[in-house]
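Listed below are the residues making up each chain.
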Amino acid sequence: MKKRTRLVAIILILALVVTAVPTGIALLGGGGGITSEQRERALAEADMLSAAAWMSAIPDDTKISSITIPGTHDSATAHITPGYFLQCQKLGFSDQLNAGFRYLDIRLAVDEAKDGSTSLKFIHSFGNCRKSGSPFSGTLHLDEVLSQVYEFLRENPSETVVFTVKDEGDDDPAVFEEEFFKYLDQDADMWYTKNEVPRIGDVRGKIVLATRFDDVNGEGEDRIGLITHWSQQNNKDIIDDPQEVAVINDEAQLYVQDRYKYGVSDKWTAFAQSMEECMAGDITLSLNFLSTSGSGSAGHPKAYAKQLNSQLLNTSFESGRCYGVMIVDFGEEALARHIFAQNIQ
């Protein structure tokens, strides 16, 4: 009887604490790295769901733009040299997906072999992404990553992955586009390629293509994916409205905050403001980047992510509201859960 009374008391205390939290965005703690206590709390927020299958709780008729989605910036950079300046992730692709991330930031370039054959490799700025941390590991190519994404989706058919592709190299745009669609056509049934924001029920078990390259070869709107073009937000000066608005199609629009040259404090302000003003919904896709390379001449993304991710993990969200895609550096499961738990309230 005493145990039951104590349990009831704990539940009542927790209920009072929860109801005392104001709506909107409110910091729950200080900065610094993600502590074990913060991590455990975030994991508990959605502990009834598998991080690998959290989209199973989303109704089929929900537009993907109306889902709060965790994403990773420069998703292929777990192994890259020099890592101090260029590494943006710790987890590889399979681990990112199993941790709950459903938006992947794909940066590719044409790789021409000595025999004249071509493929697509992952790069970030001047660095080639590699298969592993070994100094002898080879360059990471698109086919190797796609096999991981396909495997994940076959094992978790309730999920979808937004795959945003950018030509990061100094390539002939026609050659890049032709090479990319060679990969896609090998497993065309695994892709959703229309320039229309889909409902989750129509894309479970599939990759949703989003493109940041021009359709110079005339693939057309049934093949080119969601057109998600925005200009480089590499300004260091602070502007009143950090978001850029672009058009996806005649019905849908795109809001992007990607001020990647801001210092940590200004970056958080831009991110938080974009959350407060977020217009995500059935006709608006919102991409809100928490990543930054800093305002100095040489950045250290890992150090910045440690502070910014902690602030996000300490942030409460307004119940029932969609915040679109939140894109982070050095993503881990605790942070992904904190974000996707917003859909399960």
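Residues numbered from 1 in each chain as written. Predicted model: local features only at pLDDT ≥ 70, side-chain atom pairs only at ≥ 80, totals over all residues. Heavy atoms only, no water.

(A) Layout of the overall build of the protein. When helices and strands are counted, the protein shows 10 helices and 14 strands. Counting across all 345 residues of the protein, residues that qualify as buried make up 52%. Partitioning the intrachain contacts of the protein with sequence separation of at least 6 by distance along the chain shows that 70% fall at a separation of at least 24. By element, 52% of the accessible surface of the protein is carried by carbon and sulfur atoms, the whole surface being about 15700 Å². (Helix = DSSP H or I, 4+ residues; strand = E, 2+ residues; numbered from the N terminus. Buried < 20%, exposed > 50% of the residue type's maximum accessible area, 1.4 Å probe, protein only. Contact = heavy atoms within 4.5 Å. Areas by Shrake-Rupley, 256 points an atom, 1.4 Å probe, with all protein chains shown as cover.)

(B) Examining the layout of surface pockets more closely. Roughly 470 Å³ of internal volume is contained in the second largest pocket. Lining of the second largest pocket is provided by 26 residues; of these, His124, Ser125, Tyr260, Lys261 and Ser293 occupy positions nearest its centre. Each residue belonging to the lining of the second largest pocket can be placed in one class, and the counts come to seven nonpolar, 11 polar and eight charged. (1 Å grid on protein atoms, 1.4 Å probe; cavity = no way out; pocket = protein on both sides within 12 Å on 5 of 7 lines; lining within 4 Å. Points joined across faces, edges and corners; volume = space filled by probe spheres on them. Nonpolar A, V, L, I, M, F, W, Y, C, P; charged D, E, K, R; others polar.)

(C) Examining the confidence of the model for the protein more closely. For the protein, mean pLDDT is 90; residues scoring 70 or higher make up 86% of the total. Below pLDDT 50 for its whole length, residues 1–32 participates in 29 contacts with residues either more than four positions away or in separate chains. (pLDDT = per-residue confidence, 0-100.)

(D) Representation of the nonpolar core within the structure. Phe122, Phe163, Phe180 and Trp191 are the most contacted members of the largest nonpolar core, which has 35 residues in total. Listed by contribution, the elements that provide at least two residues to this core are helix 4 (93–99), strand 3 (103–112), strand 4 (118–124), helix 5 (142–155), strand 6 (160–167), helix 6 (173–186) and strand 8 (206–211). Apart from the residues within four sequence positions on either side, tryptophan 191 is in contact with Leu146, Tyr150, Phe163, Phe180, Leu184, Lys206, Ile207 and Leu209. Met55, Ile58, Ile67 and Ile200 belong to the second largest nonpolar core, which has 29 residues in total. (Core = buried A, V, L, I, M, F, W, Y, C linked by side-chain atoms within 4.5 Å.)

(E) Broad picture of the packing of aromatic side chains. For the structure on display, the rule yields 11 aromatic pairs. Joined through ring pairs, the aromatic side chains of Phe163, Phe176, Phe180, Phe181, Trp191 and Phe213 make up one cluster. (Phe/Tyr/Trp six-rings, centres within 6.5 Å; stacked < 30°, edge-to-face > 60°.)

(F) Inspection of a negative patch on the surface at higher detail. A surface patch of like charges, here negative, comprises Glu196, Glu221, Asp222, Asp250 and Glu251. In this structure, aspartate 222 sits in the loop between strand 8 and strand 9 (226–227). Of the residues examined, aspartate 222 reaches a relative accessible area of 56% and is grouped as exposed. (Patch = residues over 30% accessible without salt bridge, like charges linked within 9 Å, V, L, I, M, F, W, Y side chains within 5 Å. Salt bridge = Lys/Arg side-chain N within 4 Å of Asp/Glu carboxyl O. Lys, Arg positive; Asp, Glu negative; His and termini not counted. Charge placed at Lys NZ, Arg CZ, Asp CG, Glu CD.)

(G) Quick look at helix 8 (residues 264–276). A rise of 1.5 Å per residue sets the reference length of helix 8, with its 13 residues, at 18 Å; its end C-alpha atoms lie 18 Å apart and thus fit the reference within 8%. Taken as a whole, helix 8 has its buried residues at Val264, Lys267, Trp268, Ala270, Phe271, Ala272, Ser274 and Met275. (Expected span 1.5 Å × (residues − 1).)

(H) Representation of empty space enclosed by the protein. Applying the stated criterion to the full structure yields one cavity of 30 Å³ or more. A volume near 50 Å³ is recorded for the largest cavity. Ile64, Tyr103, Val162, Thr164, Ala210, Leu226, Thr228, Leu285, Leu287 and Val325 together form the lining of the largest cavity. Of all the secondary structure elements, the ones that give two or more residues to the lining of the largest cavity are strand 6 and strand 12 (284–289).

(I) Summary view of the pairing of strand 2 (residues 69–72). Neither face of strand 2 is open: one carries Ile69 and Gly71, the other Pro70 and Thr72, and all of them are buried. By the bridge criterion, four bridges tie strand 2 to strand 14 (residues 325–328) in an arrangement that is parallel. Looking across to strand 14, one finds that proline 70 is bridged to methionine 326. As judged from the two bridges shared by strand 2 and strand 3, these two strands associate in the parallel manner. Across the sheet, glycine 71 pairs through a bridge with tyrosine 103, a residue of strand 3. (Pairing = 2+ DSSP bridges.)

(J) Broad picture of the packing of helix 8 against helix 9 (residues 301–313). Orientation of helix 8 relative to helix 9, taken along the N-to-C sense of each, is 35 degrees, at an axis distance of 10 Å. Like other packed secondary-structure pairs, helix 8 and helix 9 cross with a definite hand, here right-handed. Across from Val264, Lys267, Trp268 and Phe271 in helix 8, the residues of helix 9 making contact are Tyr304, Gln307, Leu308, Gln311 and Leu312. For the contact of helix 8 with helix 9, the per-class residue count stands at six nonpolar, two polar and one charged. (Axes fitted to C-alpha atoms, helices over the stretch in contact; angles between N-to-C directions. Left-handed = near helix turned anticlockwise from the far one by under 90°.)

(K) Highlighting helix 10 (residues 333–340). For helix 10, the buried fraction is high: seven of the eight residues fall into the buried class. Of the positions making up helix 10, those classed as buried are Ala334, Leu335, Ala336, Arg337, His338, Ile339 and Phe340.

(L) The arrangement of the pairing of strand 4 in detail. The buried fraction of strand 4 amounts to six of the seven residues, a majority that puts the element mostly inside the structure. As judged from the five bridges shared by strand 3 and strand 4, these two strands associate in the antiparallel manner. What sits directly across from aspartate 111, in strand 4, is serine 119. Where strand 3 folds back onto strand 4 in an antiparallel hairpin, the turn is made up of five residues, including glycine 116, whose phi is positive at roughly 90 degrees. Bridge count between strand 4 and strand 5 (residues 127–128): two bridges; the pairing is antiparallel. Paired with histidine 124 across the bridge in strand 5 is glycine 127.

(M) Local environment of the side chain of glutamine 96. Take glutamine 96: it is sitting in helix 4. In contact with glutamine 96, not counting residues within four places along its chain, are Thr72, Ser75, Gln89, Leu91, Phe101 and Leu104.

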